[in-house]
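Architecture at a glance
Each chain, letter by letter, is given below.
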Amino acid sequence: MKNNIILLGFMGCGKSTVGKTLAKQLNFDFCDCDSLAEQRSKKTVSQIFADEGEAFFRKLETKIITELCSKQGQIIATGGGAVLNSQNVEALRNSGIVVFLDVSSETVLKRLSGDTSRPLLAREDKETAVKELMTARYPLYSKAAHITINANSDAEDVAKKIIDAFTSRI
Ligand code: S3P
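Residues numbered from 1 in each chain as written. Predicted model: local features only at pLDDT ≥ 70, side-chain atom pairs only at ≥ 80, totals over all residues. Heavy atoms only, no water.

Moving on, we get to the overall build of the protein chain. The helix and strand inventory of the protein chain stands at eight helices and five strands. Going residue by residue from the N terminus, the α and β elements of the protein chain occur as β-α-β-α-α-α-β-α-β-α-α-β-α. For the protein chain, the residues scored as buried account for 45% of the 170 residues in total. As presented, the protein chain carries roughly 8900 Å² of accessible surface, and 52% of it is formed by carbon and sulfur atoms. Each charge sign in the protein chain was given a centre, from 23 positive and 21 negative side chains, and these centres are 4 Å apart. (Helix = DSSP H or I, 4+ residues; strand = E, 2+ residues; numbered from the N terminus. Buried < 20%, exposed > 50% of the residue type's maximum accessible area, 1.4 Å probe, protein only. Areas by Shrake-Rupley, 256 points an atom, 1.4 Å probe, with all protein chains shown as cover. Lys, Arg positive; Asp, Glu negative; His and termini not counted. Charge placed at Lys NZ, Arg CZ, Asp CG, Glu CD.)

The subject of this paragraph is the packing of aromatic side chains. Inspection of the entire model under this criterion finds three aromatic pairs. Taken together, a centroid distance of 5.5 Å and an interplanar angle of 70° make the contact between Phe100 and Tyr138 edge-to-face. Of the two residues, Phe100 sits in strand S4 (residues 96-102) while Tyr138 sits in helix H7 (residues 126-144), which places them 38 residues apart along the sequence. Owing to a relative accessible area of 38%, Tyr138 belongs among the partly exposed residues under this scheme. Members of the aromatic cluster, connected to one another through ring pairs, are Phe100, Tyr138 and Tyr141. (Phe/Tyr/Trp six-rings, centres within 6.5 Å; stacked < 30°, edge-to-face > 60°.)

The next thing to look at is the site of the ligand. Near the ligand, the surroundings consist of 13 residues, among which Lys15, Asp34, Arg58, Arg118 and Arg137 are the closest. In this structure, an oxygen atom belonging to the ligand sits 2.7 Å away from a side-chain N or O atom of Lys15. Across the complex, the protein chains shield 95% of the 390 Å² of accessible surface that the ligand would expose by itself. Counted by class, the shell around the ligand contains five nonpolar, three polar and five charged residues. (Near = heavy atom within 4 Å. Polar contact = N/O pair within 3.5 Å; in protein donor to acceptor, adjacent residues only side chain to side chain. Nonpolar A, V, L, I, M, F, W, Y, C, P; charged D, E, K, R; others polar.)

If you want it as structure tokens, here you go:
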């Protein structure tokens, strides 16, 4: 049985792109928590936040994480706020190796320039929103992760770094 590989980190750190690359290379299934939430509610994440509120989204996110953690052989791309709930973190850590994709605020701002799909960053001053949220969350990502990877480079390179890190753990 293959344990899961769980990617976590801030919005724009590359969880989905790196996850798809890794899944192909390792022949794992790829699961994206945000996409599953969107499929189930038939709404975008922004619409869920607007219509039902963040608390509703967080409950749905926990339900999806709990379900995914009962299976194996998956690369799981979490949403950037998954670490806010300790129940999520415990389930994820128990289901496989948790990898924190660590990026700078400059990388996030560059990658998400023009992006309108993140309700928590839909503010006039996006730079301040990114910096404040990142500072508050950094300790949560670090603590939740088994491995931290510098993810400021492209997806292929980050996937390679993750595989190298696994190889050196064996
Ligand atoms: C969130 C991150 C988003 C999405 C939602 C909330 C967060 O996912 O789950 O907008 O709280 O950081 P990505 O990290 O995939 O953008």
